[in-house]
Amino acid sequence: MYITVKNLSVGYEGEVVVGNINFTVNKGDYLCIVGENGSGKTTLMKTLLGLRKPMSGEIIMGDDLKRNEIGYLPQQTVVQKDFPASVREIVMSGFQGRCGLRPFYKKEEKEEALMNMERMGIKDLADKCYRDLSGGQQQRVLLARALCATRKVLLLDEPVSGLDPKVTVEMYQLIKELNNEGVTIIMISHDMEAASKYASHILHIGDKLFFGSRKGDEEAWINFLHI
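Quantities reported herein were computed from a predicted structural model and do not represent experimental measurements.

*Asks:* Looking at this structure, how should I read the pattern of salt bridges?
*Replies:* Pairing between side chains of opposite charge can happen when their charged atoms approach one another. Going through the model one piece at a time under the given rule, you end up with six salt bridges. Where Glu 170 meets Lys 166, a salt bridge forms, and the shortest distance between an N and an O atom there is 2.7 Å. Of the two residues, Glu 170 and Lys 166 both sit in helix H7 (residues 165–180), four residues apart, roughly one turn of that helix. Classification of Glu 170 by relative accessible area gives partly exposed; the value is 27%. Residue Lys 166 is classed as exposed on the basis of its relative accessible area of 59%. Through salt bridges with shared partners, a single network forms among Arg 140, Lys 166 and Glu 170.

*Asks:* Where do I start with the packing of helix H6 (residues 135–149) against H7 in this structure?
*Replies:* Pairs of packed helices are described in terms of their axes, by the angle between the two and the distance that separates them. Look at H6 against H7: their axes get within 10 Å of each other, and the N-to-C directions meet at 15°. When the axes of H6 and H7 are compared, the pair comes out roughly parallel. Of the two possible hands of crossing, H6 and H7 adopt the one that is right-handed. The segment H6 lies against H7, with Gly 136, Gln 139, Arg 140, Leu 143 and Leu 147 engaging Val 167, Glu 170, Met 171, Leu 174, Ile 175 and Leu 178. Here the residues of the contact of H6 with H7 sort into seven nonpolar, two polar and two charged.

*Asks:* Can you help me understand the packing of aromatic side chains in this one?
*Replies:* Centre-to-centre distance and the angle between the planes together describe a pair of aromatic rings. Taken as a whole and judged by the stated rule, the model has three aromatic pairs. Judged by centre distance (6.1 Å) and plane angle (50°), the ring pair of Phe 23 and Phe 211 falls under tilted. With Phe 23 in strand E2 (residues 15–25) and Phe 211 in strand E9 (residues 210–213), this residue pair connects regions lying 188 residues apart in the sequence. Residue class for Phe 23 comes out buried when judged on its relative accessible area of 2%. Looking at Phe 211, the relative accessible area reads 28%, which means it is partly exposed. Each ring, one from Tyr 172 and one from Tyr 198, has its centre 5.3 Å from the other, and the planes form 25°; the classification is stacked.

*Asks:* So what exactly am I meant to see when it comes to the packing of helix H5 (residues 107–119) against H6 here?
*Replies:* The contact between H5 and H6 brings their axes to 9 Å, and the two run at 140°. Taken as axis vectors, H5 and H6 run oblique relative to one another. In terms of crossing hand, the pair formed by H5 and H6 is right-handed. In this structure, H5 uses Glu 112, Ala 113, Asn 116, Met 117 and Arg 119 to contact H6, whose residues at the interface are Ala 144, Leu 147 and Cys 148. Each residue belonging to the contact of H5 with H6 can be placed in one class, and the counts come to five nonpolar, one polar and two charged.

About the cut-offs
Residues numbered from 1 in each chain as written. Predicted model: local features only at pLDDT ≥ 70, side-chain atom pairs only at ≥ 80, totals over all residues. Heavy atoms only, no water. Salt bridge = Lys/Arg side-chain N within 4 Å of Asp/Glu carboxyl O. Helix = DSSP H or I, 4+ residues; strand = E, 2+ residues; numbered from the N terminus. Buried < 20%, exposed > 50% of the residue type's maximum accessible area, 1.4 Å probe, protein only. Axes fitted to C-alpha atoms, helices over the stretch in contact; angles between N-to-C directions. Parallel < 35°, antiparallel > 145°, perpendicular 65-115°, else oblique. Left-handed = near helix turned anticlockwise from the far one by under 90°. Contact = heavy atoms within 4.5 Å. Nonpolar A, V, L, I, M, F, W, Y, C, P; charged D, E, K, R; others polar. Phe/Tyr/Trp six-rings, centres within 6.5 Å; stacked < 30°, edge-to-face > 60°.

As structure tokens, this is what we get:
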């Protein structure tokens, strides 16, 4: 078990946004977190990352998973989309959590970054400026960066937000391929159709709480999707 969440309440500034959250994440899972705007999805993800403290309850990491072994792809701000660095520099920055105080990247890290750029189909963009890329290309760069941070778990916050339909399908397929290769995926999405198509598990938060798996909770899963 990578992550076990028990009776968790999350929020900020002393206010609970959503409470009584219970779910588990095993190695190889593909969990979609869904819910209405303002239901606490991003707050939950930041709490899983240790960027916010739980209001109550607990998050238990297992199988020797450490928080610095979780790759994170947040929603981009306008400023971040205009970041004046090369693709290679941004992808390499994914190793910073591993580097500690070491001020340089090892040969193996440079090779791994190149491999991850190749996996994401952006190797030929390595020397391009990030802000000159399309939205879909930028998301591929950020995925490659997240893969440099971890080989275990990726947390993705609305990774297809603002992308056109064709690029959205390509991004979902890329994420599914990573999952098929053994990367555990936790993804915030407003797209119930995609969640029901790709996810192995769904967590719905907000007024209605639901957690279930495609294989183990078929009836509850189908009933939930048709509410």
